[in-house]
Amino acid sequence: MSERVHNFNAGPSALPRVVLEQARDEMLDFEGTGMSIMEHSHRGAAYERVHNEAEALLRELLGIDPSSVVLFLQGGASGAFATVPMNFLRGCADYAVTGGWGEKALAEAQIVGDARDCLGMQRRYMHVPPPAAHTVRPGSSYLHITTNNTLEGTQYHRFPDAPVPLVADMSSDILSRRVDASRFAMIYAGAQKNLGPSGLTVFVIQRAFLDTARTDLPVIFRFATHAAQQGLYHTPPTFAVYLMRGVLRWMKALGGVDVVEARNDEKARVLYAAIDDRPDVYRCPVEPASRSRMNVVFYLPSTDLDERFVKEAKGAGIVGVKGHRSVGGVRASLYNAVEPSDVAALVEFMKDFAGRVA
Ligand SMILES: *Cc1c(COP(=O)(O)O)cnc(C)c1O
């Protein structure tokens, strides 16, 4: 078998090796049933066990009590950009736009109703404003935030204390650190960054908030429909849920969220140190207090050097470090499944590269 690469993809992204190995071993015969988990009915006992265990693990790791529902649906975080306002926007809603994904969420909400950006950063997304900057209109249905800005490399380190329900797109940092889930009326995340493969979107919704949802929309788009059927209103992405269960088992075996968070902090510390160590070659545009532990964005002195970096990194087995097309530069995503040894390889390459081009 060829060597696996150091994968810093922004999403879909690296998965724990043991999870892929187990999926391989069980591909033709899941637990002696003579078929793959993909071939099982989503209402059969085999899949039901997988689904329930995935939900239980997610509840345990995120710290979610029975006052919230957990749903595994299709449609991606982009689907949620539309379904969140369709279900919950009455009158008006406020959006804290701290990056490109927040812009997209706001744009969808504005199709549904009166939604406004409460920050007005005007596309200068090099930091995340302090909690006090998040002003909400009276009667607002909710405040929407993006906890980690995947494209720009910024992250909330203190969440706003909103006087209205707080809704969070946690696609790129869910379960990367301990958060107080009870602060959020709703959390959603595309699975393909920290939880598993693409095709699966995770929702955590407080029942009291769900009770405020509108009913004047197609049945399939109502969160209440899915909650009433324990997430099995229609076929869930069964194989993706199965893989997520593997990822959550892996996280728990590693020691849970606190251990994963400490690992992530250390990975980010090492990489930012390598950037700051060579200001003549590498420059991180993000204000230090807002730096993301998940997506590390940096630039070299010219776009030619950015390109050369990405190309030569690939030669060293380091892939997925090209910056997003909207911001350019270099981006290394350090999601949970990225190993400290992958970061060590990247840092080693950066030192070598800097020595050659400086
Ligand atoms: C990747 C990403 C999205 C888009 O997710 P899809 O599942 O592709 O729709 C939305 N928000 C954030 C913060 C992301 O990182």
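This text gives an overview of the structure that appears in the document.

1. A look at the packing of helix H8 (residues 257-277) against helix H10 (residues 340-357)
In step 1: Closest axis-to-axis distance for the H8/H10 pair is 10 Å, and the angle between their directions is 0°. Considering the angle they form, H8 stands roughly parallel to H10. Side by side, H8 and H10 meet where Arg263, Lys267, Val270, Leu271, Ala274 and Ile275 of the first sit next to Pro340, Val343, Leu346, Val347 and Met350 of the second.
In step 2: Here the contact of H8 with H10 is built from residues that sort into nine nonpolar, no polar and two charged.

2. Digging into unusual backbone geometry
In step 1: Looking along the chain, the bond that leaves Gly11 and enters Pro12 is cis, with omega of -10°.
In step 2: Assignment of secondary structure puts Pro12 in the loop between strand S1 (6-7) and helix H1 (17-25).
In step 3: Of note, the phi angle at Arg123 is positive, near 65°, even though the residue is not glycine.
In step 4: In this structure, Arg123 sits in the loop between strand S4 (114-117) and strand S5 (140-146).
In step 5: Classification of Arg123 by relative accessible area gives exposed; the value is 64%.
In step 6: Even without being glycine, Leu175 reaches a positive phi, approximately 60°.
In step 7: Within the element layout of this structure, Leu175 appears in the loop between strand S8 (166-169) and strand S9 (186-190).

3. Brief notes about the site of the ligand
In step 1: Around the ligand sit 13 residues, and of these Ser78, Thr150, Asp169, Gln192 and Lys193 come closest.
In step 2: Contacts to the ligand include Asp169, whose side-chain N or O atom sits 2.6 Å from a nitrogen atom.
In step 3: Between the ligand and the protein, one listed contact pairs an oxygen atom with a side-chain N or O atom of Lys193 at 2.7 Å.
In step 4: Across the complex, the protein chains shield 86% of the 390 Å² of accessible surface that the ligand would expose by itself.
In step 5: More than half of the atoms belonging to the ligand lie within 2 Å of the grid points that define the largest pocket.
In step 6: Examining the composition of the shell around the ligand, we find that four residues originate from one element, helix H3 (residues 76-88), more than from any other.
In step 7: Across the shell around the ligand, the residue classes tally to three nonpolar, eight polar and two charged.

Cut-offs used in this document
Residues numbered from 1 in each chain as written. Predicted model: local features only at pLDDT ≥ 70, side-chain atom pairs only at ≥ 80, totals over all residues. Heavy atoms only, no water. Axes fitted to C-alpha atoms, helices over the stretch in contact; angles between N-to-C directions. Helix = DSSP H or I, 4+ residues; strand = E, 2+ residues; numbered from the N terminus. Parallel < 35°, antiparallel > 145°, perpendicular 65-115°, else oblique. Contact = heavy atoms within 4.5 Å. Nonpolar A, V, L, I, M, F, W, Y, C, P; charged D, E, K, R; others polar. Buried < 20%, exposed > 50% of the residue type's maximum accessible area, 1.4 Å probe, protein only. Near = heavy atom within 4 Å. Polar contact = N/O pair within 3.5 Å; in protein donor to acceptor, adjacent residues only side chain to side chain. Areas by Shrake-Rupley, 256 points an atom, 1.4 Å probe, with all protein chains shown as cover. 1 Å grid on protein atoms, 1.4 Å probe; cavity = no way out; pocket = protein on both sides within 12 Å on 5 of 7 lines; lining within 4 Å. Sits in = over half its atoms within 2 Å of the grid points.

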